[in-house]
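Coordinate analysis (summary)
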Amino acid sequence: MEPTREDIERYAEEHTTPPPPSLAELAAETTEKMDLPGMMVGPVEGRFLETLVAISGARRVLEIGMFTGYSALSMAAALPPDGTLITCDINPASEAVARRHIEASPFADRIEIRMGPALETIEGLDGLLDFVFIDADKTNYRNYYEAVLPKLANGGFIAVDNVLWRGRVLDVGAQDDDGDTRAIAEFNDFVRNDPRVVCVMLTVRDGVTLIRRR
């Protein structure tokens, strides 16, 4: 009997270092209180993001799409004491949960929350970025990508979430396609053919593409 995707994901989670109690509590609150808890990265992807920050030596991180703060807290755990993570969002309900958990964490001094349209936040950023995590409204993925690419430091890179979109990108062109599905499929094709970058798409959770400049 072939294992299902759920079987494999469960096995991967069981063989990943568990999240600390604080993140487990945040995940439980998100599941209980938020309308779309699936927007939160899970424990495997959280550890994956933490590991990317750790092995890259990133000191300045930008997150586009904070939700309730799970991914921001995961990445901040791998920053050096003088590192900075700027996280963007527009939803006051998720901000309230995220801000409370971030302020109670050991990493509050490393995380800066900026509310408002992310493109405006990006435009106002000074200095270079070592790592960018894009996980916000899908129809703006291309815009976010174009906005942050010139701001990457040498050796910096971008991670883009949900690039598999629960497998819907495989059926793009079907009559029931929605705007998000088309936007992600078009973004995936664009990045694959962009001569400015090298990319690799991974099947972690709902798909993560890592992108670096040539």
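Up top is the structure.
All of these numbers come straight from a predicted model, not from anything done at the bench. (Residues numbered from 1 in each chain as written. Predicted model: local features only at pLDDT ≥ 70, side-chain atom pairs only at ≥ 80, totals over all residues. Heavy atoms only, no water.)

1. Observations regarding the packing of aromatic side chains
Cut-off, in case you're wondering: Each aromatic pair joins two rings of Phe, Tyr and Trp (for Trp, the six-membered one) with centres within 6.5 Å, and gets the label stacked for planes under 30 degrees apart, edge-to-face for over 60, and tilted for any other angle. In DSSP terms, a helix is any run of H or I states spanning at least four residues, a strand is any run of E spanning at least two, and both are numbered starting from the N terminus.
Per the stated rule, a full pass over the model turns up four aromatic pairs. Both rings, one in Phe131 and one in Phe157, keep their centres 4.7 Å apart while their planes meet at 35 degrees; by these two values the pair is tilted. With Phe131 in strand E4 (residues 129–134) and Phe157 in strand E5 (residues 152–161), this pair connects stretches of sequence that are 26 residues apart. With a centroid separation of 5.6 Å and an interplanar angle of 75 degrees, the aromatic rings of Tyr141 and Phe187 are classed as edge-to-face.

2. A word on the pairing of E5
Rules: We call a residue buried when its accessible area falls under 20% of the maximum for its residue type, exposed when it is over 50%, and partly exposed in between, using a 1.4 Å probe and counting protein chains only. Any two strands with at least two DSSP bridges between them are considered paired. When the strands point away from the viewer, a crossover counts as right-handed if the path from the first strand over the helix to the second runs clockwise.
Within E5, eight of the ten residues are buried, which leaves the element mostly enclosed by the surrounding structure. The pairing of E4 with E5 spans five bridges and is parallel. The residue of E5 that forms the bridge with Val132 is Ile158. Chirality of the crossover, the property in question, places the unit of E4, helix H7 (residues 141–148) and E5 among those that are right-handed. Taken together, the five bridges between E5 and strand E7 (residues 208–213) define a ladder with antiparallel strand orientation. Note that in E7 the partner of Val160 across the bridge is Thr209.

3. Let's talk about the environment of Val172
Considering the arrangement of structural elements, one finds Val172 in the loop between E5 and helix H8 (179–192). Each C-alpha atom of the pair Val172 and Leu79 lies 38 Å from the other, and the pair is 93 residues apart in sequence.

4. Observations concerning the pairing of strand E3 (residues 111–115)
The pairing of strand E2 (residues 84–89) with E3 spans five bridges and is parallel. The partner of Cys88 across the bridge, within E3, is Arg114. Taken together, E2, helix H5 (residues 92–103) and E3 constitute a β-α-β crossover, and its handedness is right-handed.

5. Structural notes on the pattern of salt bridges
Inclusion rule: Salt bridges are counted wherever a side-chain nitrogen of Lys or Arg sits within 4 Å of a carboxyl oxygen of Asp or Glu.
Applying the stated criterion across every chain yields a total of 14 salt bridges. The salt bridge partner of Arg100 is Glu29, with a shortest N-O separation of 2.4 Å. In this pair, Arg100 sits in helix H5 while Glu29 sits in helix H2 (residues 21–33), placing the two residues 71 residues apart along the sequence. We classify Glu29 as buried; its relative accessible area is 11%. One salt bridge in this structure joins Glu50 and Arg47, with 2.7 Å as the shortest N-O distance. Taken together, the positions of Glu50 and Arg47, both in helix H3 (residues 43–56) and three residues apart, correspond to about one turn of that helix. A relative accessible area of 22% means that Arg47 is categorised as partly exposed.

6. Topic: the packing of H7 against H8
Packed helices, taken two at a time, are described by their axes: the angle between them and the distance between them. In plain terms, the rule: Interaxial angle, 0 to 180 degrees, is taken between N-to-C directions of lines fitted to C-alpha atoms, where a helix line uses only the stretch in contact. Contacts are assigned to residue pairs that have any heavy atoms within 4.5 Å of one another. Ten residue types, Ala, Val, Leu, Ile, Met, Phe, Trp, Tyr, Cys and Pro, are classed as nonpolar, four, Asp, Glu, Lys and Arg, as charged, and the remainder, Gly among them, as polar.
Where H7 contacts H8, the two axes come as close as 9 Å, and the packing angle between them is 35 degrees. Residues Tyr141, Arg142, Tyr145 and Glu146 of H7 pack against Phe187, Phe190 and Val191 of H8. Grouping the constituent residues of the contact of H7 with H8 by class yields five nonpolar, no polar and two charged.

7. A short note on the layout of surface pockets
Counted only if it meets this: The rule is simple: put a 1 Å grid over the protein atoms alone, call a set of points where a 1.4 Å probe fits but cannot get out a cavity, call an open set with protein on both sides within 12 Å along at least five of seven lines a pocket, and count a residue as lining if it has an atom within 4 Å of a point. Grid points are joined across faces, edges and corners, and a volume is the space filled by probe spheres set on the points.
Its boundaries defined by the atoms lining it, the largest pocket holds a volume of some 1,000 Å³. Lining the largest pocket are 45 residues, with Met39, Asp135, Ala136, Lys138 and Asn162 sitting closest to its centre. Those elements giving two or more residues to the lining of the largest pocket turn out to be helix H1 (5–14), helix H4 (70–76), E2, H5 and helix H6 (118–123). Looking at the lining of the largest pocket element by element, the count peaks at three residues for H1. Here the lining of the largest pocket is built from residues that sort into 20 nonpolar, eleven polar and 14 charged. Roughly 280 Å³ of volume is contained in the second largest pocket. Along the wall of the second largest pocket there are 14 residues; nearest its centre are Glu9, Arg10, Ala12, Val44 and Arg205. Of all the secondary-structure elements, those providing two or more residues to the lining of the second largest pocket are H1 and H3.

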